[in-house]
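The lines below spell out each chain.
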Amino acid sequence: MKKTFISAIQEIKKIDNNTSLNNFQSKYLGKNSILYFYFSKLTTLNISERIQCSTILNNFKKKIKNKINDKKIELKDNRLINQKNKYFIDYTLPGRKIECGSLHPITIVIQEIKKIFSYLGFNTYYGPELESTYYNFDALNIPHNHPARNISDTFWLNSNYVLRTQTSGMQIRILEKNPGPIRAIIPGKVYRRDYDHTHTPMFHQIEGLIVDTSISFANLKWILENFIIQILKKNTKIRFRSSYFPFTCPSAEMDIQDKNGNWLEVLGCGMVHPNVLKNCNIDRDIYSACAFGIGVERLAMLKYSVSDIRCFFENDIRFLKQFV
Ligand code: DAH
């Protein structure tokens, strides 16, 4: 047994992987091992020989088991050292800074607009970005030959559906469901085939709708002027220009003067057209209505003095960091 032990010790010293170690274990402790053979022969011996031999065999077994465990630890350590050498880690390098996220400037402006209108009793609604031609055009009194329907302005999905070009379609959805009175704003994305420093193919609008007894253009003007004073500055220069929208009559647009003295159009508005109210079965003997559609990016440009609208969607971290 002593000889076997010596050769086992020499053998295990050379082992450098787990497979060889497993083979070693079955060779010296397994069912076909010499140890197992001697154990099976113990019954042929008399009592005193049996005690003597079994002590020797158990000793051998215990020592080999210890050697195997030591080897296992050694192999594991070697593996870690090898791994460390393979993927060299320089612990002296400075750590990576975790940047703090923040709201997008457009989200900030939308939230602010919602807050201002909520103080005036407006509820917020949301509608689909994929809109039927009925809600986007027909019900808004937009004739079939109107240029806005043109393939060069609108993203058509098929002959019945478009990516909404305006949030005004939500006026109809709300009017259909509520007989009045109504005070609603509808923020959302809209899509048009446009791209330059004041236009992007996707931008945000906030539609507003007020339905009540004796609503007049003066009410509309007052609300919009006060809204602008709150979101921008008190001394902001505002002008209303008369305009045309098929779904309002009379219609107007509001421009705001930027710090260079240029006028920038920020919203369209007007008294809701009688045809639109009729389409939605609103009793015109009781109610009148006004509406407006605010261009969120335009307001944000004025608020933060941004001269190119495309900055908002280029995801340039240096630009976005300014709003943290
Ligand atoms: N939907 C119009 C546009 O996208 C803006 C607009 C004008 C909305 C007049 C209104 C409105 O609600 O009354 O240009």
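Please refer to the structure placed before this passage.
Residues numbered from 1 in each chain as written. Predicted model: local features only at pLDDT ≥ 70, side-chain atom pairs only at ≥ 80, totals over all residues. Heavy atoms only, no water.

A. Structural detail: the layout of surface pockets. Its volume calculated, the largest pocket comes out at about 860 Å³. Lining the largest pocket we find 41 residues, and of these Gln 166, Arg 192, Gln 205, Phe 245 and Glu 265 sit closest to its centre. Elements with a contribution of two residues or more to the lining of the largest pocket: strand S5 (202-212), strand S6 (238-245), strand S7 (248-257), strand S8 (263-272), strand S9 (288-295) and helix H10 (296-304). Per element, the largest residue contribution to the lining of the largest pocket is 6 residues, and it comes from S8. Partitioned by chemical class, the residues of the lining of the largest pocket number 16 nonpolar, 16 polar and 9 charged. (1 Å grid on protein atoms, 1.4 Å probe; cavity = no way out; pocket = protein on both sides within 12 Å on 5 of 7 lines; lining within 4 Å. Points joined across faces, edges and corners; volume = space filled by probe spheres on them. Helix = DSSP H or I, 4+ residues; strand = E, 2+ residues; numbered from the N terminus. Nonpolar A, V, L, I, M, F, W, Y, C, P; charged D, E, K, R; others polar.)

B. Quick peek at unusual backbone geometry. A cis amide bond links Cys 249 with the next residue in sequence, Pro 250, at an omega value of 0°. Checked against the element boundaries, Pro 250 lands in strand S7. The backbone of Asn 281 shows a phi angle near 55°, a positive value even though the residue is not glycine. Tracing the backbone shows Asn 281 in the loop between helix H9 (274-279) and S9.

C. Examining the pattern of salt bridges more closely. One pass over the full model with this rule turns up 10 salt bridges. One salt bridge connects Glu 11 with Lys 27, and the closest N-O pair in it is separated by 2.9 Å. Of this pair, Glu 11 sits in helix H1 (residues 2-14) while Lys 27 sits in helix H2 (residues 18-29), placing them 16 residues apart in sequence. Overall, Glu 11 belongs to the partly exposed group, its relative accessible area being 28%. Overall, Lys 27 belongs to the partly exposed group, its relative accessible area being 45%. (Salt bridge = Lys/Arg side-chain N within 4 Å of Asp/Glu carboxyl O. Buried < 20%, exposed > 50% of the residue type's maximum accessible area, 1.4 Å probe, protein only.)

D. Local environment of the site of the ligand. Near the ligand, the surroundings consist of 15 residues, among which Gln 166, Ser 168, Arg 192, Gln 205 and Glu 207 are the closest. A distance of 3.0 Å is found between an oxygen atom of the ligand and a side-chain nitrogen or oxygen belonging to Gln 171. With respect to the ligand, the side chain of Gln 205 contributes an N or O atom lying 2.8 Å from an oxygen atom. In isolation the ligand has 360 Å² of accessible area, and contact with the protein removes 92% of it. Judged by the fraction of its atoms near the pocket grid, the ligand is located in the largest pocket. (Near = heavy atom within 4 Å. Polar contact = N/O pair within 3.5 Å; in protein donor to acceptor, adjacent residues only side chain to side chain. Areas by Shrake-Rupley, 256 points an atom, 1.4 Å probe, with all protein chains shown as cover. Sits in = over half its atoms within 2 Å of the grid points.)

E. Geometry of the packing of helix H5 (residues 105-119) against H10. Contact geometry for H5 and H10: axes closest at 10 Å, N-to-C directions at 100°. Relative to H10, the element H5 lies roughly perpendicular. Residue-level inspection shows Pro 105, Ile 106, Ile 108, Val 109, Ile 110, Glu 112 and Ile 113 of H5 in contact with H10, the latter providing Val 296, Glu 297, Leu 299, Ala 300, Lys 303 and Tyr 304. Of the residues that constitute the contact of H5 with H10, the class distribution is 10 nonpolar, no polar and 3 charged. (Axes fitted to C-alpha atoms, helices over the stretch in contact; angles between N-to-C directions. Parallel < 35°, antiparallel > 145°, perpendicular 65-115°, else oblique. Contact = heavy atoms within 4.5 Å.)

F. Expanded view of the packing of aromatic side chains. Here the structure, examined in full by the defined rule, presents 13 aromatic pairs. Ring geometry for Phe 312 versus Phe 319: centroids 5.7 Å apart, planes at 75°, classification edge-to-face. Under the relative-accessibility criterion, Phe 319 is labelled buried at 12%. For the ring pair Phe 319 and Phe 323, a centre distance of 5.3 Å and an interplane angle of 65° mean the geometry is edge-to-face. Overall, Phe 323 belongs to the buried group, its relative accessible area being 14%. Taken together, the ring pairs connect Tyr 304, Phe 312, Phe 313, Phe 319 and Phe 323 into an aromatic cluster. Across the ring face of Phe 5, the terminal group of Lys 63 is positioned such that the distance to the ring centre comes to 5.4 Å. (Phe/Tyr/Trp six-rings, centres within 6.5 Å; stacked < 30°, edge-to-face > 60°. Lys NZ or Arg CZ within 6 Å of the ring centre and 35° of its normal.)

G. Quick look at the environment of Val 276. Considering the arrangement of structural elements, one finds Val 276 in helix H9. A relative accessible area of 0% means that Val 276 is categorised as buried. Contacts of Val 276, omitting those with residues within four sequence positions, involve Ala 139, Leu 140, Asn 141, Ile 172, Leu 175 and Phe 247.

H. Representation of a nonpolar patch on the surface in the model. Together, Ile 34, Phe 37 and Tyr 38 line one region of the surface with nonpolar side chains, adding up to about 290 Å² of accessible area. Mapped onto the elements, Tyr 38 comes out in helix H3 (residues 34-41). (Patch = residues over 30% accessible without salt bridge, like charges linked within 9 Å, V, L, I, M, F, W, Y side chains within 5 Å.)

I. Geometry of the packing of H3 against helix H4 (residues 47-86). Where H3 meets H4, the axes come as close as 10 Å, and the angle between the chain directions of the two elements is 155°. Judged by the angle between their axes, H3 and H4 are roughly antiparallel. In this structure, H3 crosses over H4, and the sense of that crossing is left-handed. For the pair H3 and H4, the contacting residues are Leu 35, Tyr 38 and Phe 39 in the first and Leu 57, Asn 58, Phe 60 and Lys 61 in the second. A breakdown of the residues in the contact of H3 with H4 according to their chemical character gives 5 nonpolar, 1 polar and 1 charged. (Left-handed = near helix turned anticlockwise from the far one by under 90°.)

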